[in-house]
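Spelled out, the chains give:
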Amino acid sequence: MSLLGELYGPFFDGHNWLTVIESGQDWLIILSLVLIECLLSVDNAIVLAAQTRVLPTLKEQEESLFYGIWGSYLFRFLIIGIGTFLINFWKIKVLGAIYLMYLSYRFFKNQLTGQHHRRQRKSRAAGLTGRKRFWAVVAQIEFIDIVFSIDSVLASLAVSSNPVIVLIGGFIGIACMRGVAEIIMRLMRKIPELEPMAYVLIFLIAIKLFLTIPMIDIEIPSGQFGIFIVGVFIATFIVHFIRNPKGKGEQPQVKEDDNDDRSHR
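Residues numbered from 1 in each chain as written. Predicted model: local features only at pLDDT ≥ 70, side-chain atom pairs only at ≥ 80, totals over all residues. Heavy atoms only, no water.

## So, the overall build of the chain
Alright, step 1. A count of helices and strands for the chain gives eleven helices and zero strands.
Alright, step 2. Traced from its N-terminal end to its C-terminal end, the chain shows the element sequence α-α-α-α-α-α-α-α-α-α-α.
Alright, step 3. Per-residue burial for the chain yields a buried fraction of 46% across its 265 residues.
Alright, step 4. Nonlocal contacts in the chain, meaning residues at least 24 apart in sequence, comprise 86% of its contacts between residues at least 6 apart.
Alright, step 5. Approximately 13,500 Å² of the chain is accessible, and the part contributed by carbon and sulfur atoms is 68%. (Helix = DSSP H or I, 4+ residues; strand = E, 2+ residues; numbered from the N terminus. Buried < 20%, exposed > 50% of the residue type's maximum accessible area, 1.4 Å probe, protein only. Contact = heavy atoms within 4.5 Å. Areas by Shrake-Rupley, 256 points an atom, 1.4 Å probe, with all protein chains shown as cover.)

This is the structure in structure tokens:
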């Protein structure tokens, strides 16, 4: 109990919270942590947006992000408490990198076999239907957040050792990440080229994550990687508008999927 008190006691210290809330300097630190979180969460947002595509309707995709975000808050609270021990959790990064590589491999394998998008989304969750498939996606969102939380929490603790400050900054950052994921998810509906682009980025993100393990210890600056991602997005938009000068998107397919989903209920 003494160890738990040492790790999580500061979260339940009312005086600590009051000091942070009333301190302008602490809010400046929180703002910097939010910016750090947003930069580090770009990778996470891309992966989450791609994962929600397993679900057939926009409503289910948004709902999975909603439940996933509450789980992210809980895990972030737990991870911040054990933040000083996270350096020993590099094996989670390896598992996460392998999992992301598998997601990318599975997507492009399905593309090469010529499967249609609707059939592909169903095959991704083989054996799972309805709410079981939905909760499987939510579980994937939670696992992905745990993997990416390690870097975010360690970076935040390097800026401030006060867990309350790190918690507030992390929670605001998660909300921003969820918003970015939803924007990317909606864009994928309208611009089909974004989906294969996202899985190319997921493979690169897996490599970037793997390089950070202690035995290799190569850190690609988040700012530079963020600029690279923005450049890839811009290039994808250009390709889309060259191929579709009239701005035709995937909207008719969304309606078809929604109707199919309602017919099965």
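## Looking at empty space enclosed by the protein
Alright, step 1. A complete count under the given rule lists two cavities of 30 Å³ or more for this structure.
Alright, step 2. Taken as a whole, the largest cavity encloses approximately 80 Å³ of empty space.
Alright, step 3. Considering the residues around the largest cavity, the lining is formed by Leu40, Asp43, Phe148, Asp151, Ser152, Ile205, Lys208, Leu209 and Thr212.
Alright, step 4. Every element with two or more residues in the lining of the largest cavity is listed here: α3 (24–52), α7 (130–159) and α9 (194–210).
Alright, step 5. Looking at side-chain class alone, the lining of the largest cavity contains four nonpolar, two polar and three charged residues.
Alright, step 6. When its volume is computed, the second largest cavity comes out at roughly 30 Å³. (1 Å grid on protein atoms, 1.4 Å probe; cavity = no way out; pocket = protein on both sides within 12 Å on 5 of 7 lines; lining within 4 Å. Points joined across faces, edges and corners; volume = space filled by probe spheres on them. Nonpolar A, V, L, I, M, F, W, Y, C, P; charged D, E, K, R; others polar.)

## Digging into a nonpolar patch on the surface
Alright, step 1. Residues Phe66, Tyr67, Trp70 and Trp135 make up a contiguous nonpolar surface patch of roughly 450 Å² in combined accessible area.
Alright, step 2. The topology assignment puts Trp70 in helix α4 (residues 58–81).
Alright, step 3. What makes Trp70 exposed here is its relative accessible area of 53%. (Patch = residues over 30% accessible without salt bridge, like charges linked within 9 Å, V, L, I, M, F, W, Y side chains within 5 Å. Salt bridge = Lys/Arg side-chain N within 4 Å of Asp/Glu carboxyl O.)

## A word on the nonpolar core
Alright, step 1. In this structure, Ile46, Leu100 and Phe233 are the most contacted members of the largest nonpolar core, which totals 42 residues.
Alright, step 2. Elements represented by at least two residues in this core include exactly α3, α4, α5 (90–112), α7, α8 (163–190), α9 and α10 (222–243).
Alright, step 3. A per-element tally of this core places α9 first, with nine residues.
Alright, step 4. Those residues within four positions of Ile46 in sequence are excluded, and the remaining contacts are Ile184, Ala198, Leu201, Ile202, Ile229 and Phe233.
Alright, step 5. Within the second largest apolar cluster, 14 residues are counted, among which are Ile30, Val153, Val164 and Ile168. (Core = buried A, V, L, I, M, F, W, Y, C linked by side-chain atoms within 4.5 Å.)

## Brief notes about the packing of aromatic side chains
Alright, step 1. Using the criterion set out here, one finds eleven aromatic pairs in the structure.
Alright, step 2. On the basis of an interplanar angle of 75° and a centroid distance of 5.6 Å, the ring pair of Phe66 and Tyr67 is categorised as edge-to-face.
Alright, step 3. The class for Phe66 is partly exposed, based on a relative accessible area of 43%.
Alright, step 4. Geometrically, the ring pair formed by Phe107 and Tyr199 is stacked, given 4.2 Å between the ring centres and 5° between the ring planes. (Phe/Tyr/Trp six-rings, centres within 6.5 Å; stacked < 30°, edge-to-face > 60°.)

## A look at the pattern of salt bridges
Alright, step 1. Summed over all chains, the structure comprises six salt bridges.
Alright, step 2. When the shortest N-O distance is used, the salt bridge between Glu62 and Arg186 registers 2.1 Å. Highlighted residues: Glu62 in helix α4 and Arg186 in helix α8, separated in sequence by 124 residues.
Alright, step 3. Here Arg178 makes a salt bridge to Glu182, at a shortest N to O gap of 2.2 Å. Residue Arg178 and its partner Glu182 are both found in helix α8; the two are separated by four residues, about one turn of the helix.
Alright, step 4. In this structure, a network of salt bridges that share partners links the residues Glu62, Arg178, Glu182 and Arg186.

## What about the side chain of Ser104?
Alright, step 1. With respect to the helices, strands and loops of the structure, Ser104 is situated in helix α5.
Alright, step 2. For Ser104, a relative accessible area of 5% corresponds to the buried category.
Alright, step 3. Ser104 has contacts with Tyr199 and Phe203, leaving out every residue within four places of it along the chain.

Functional significance is not addressed by these values, which are geometric in nature.
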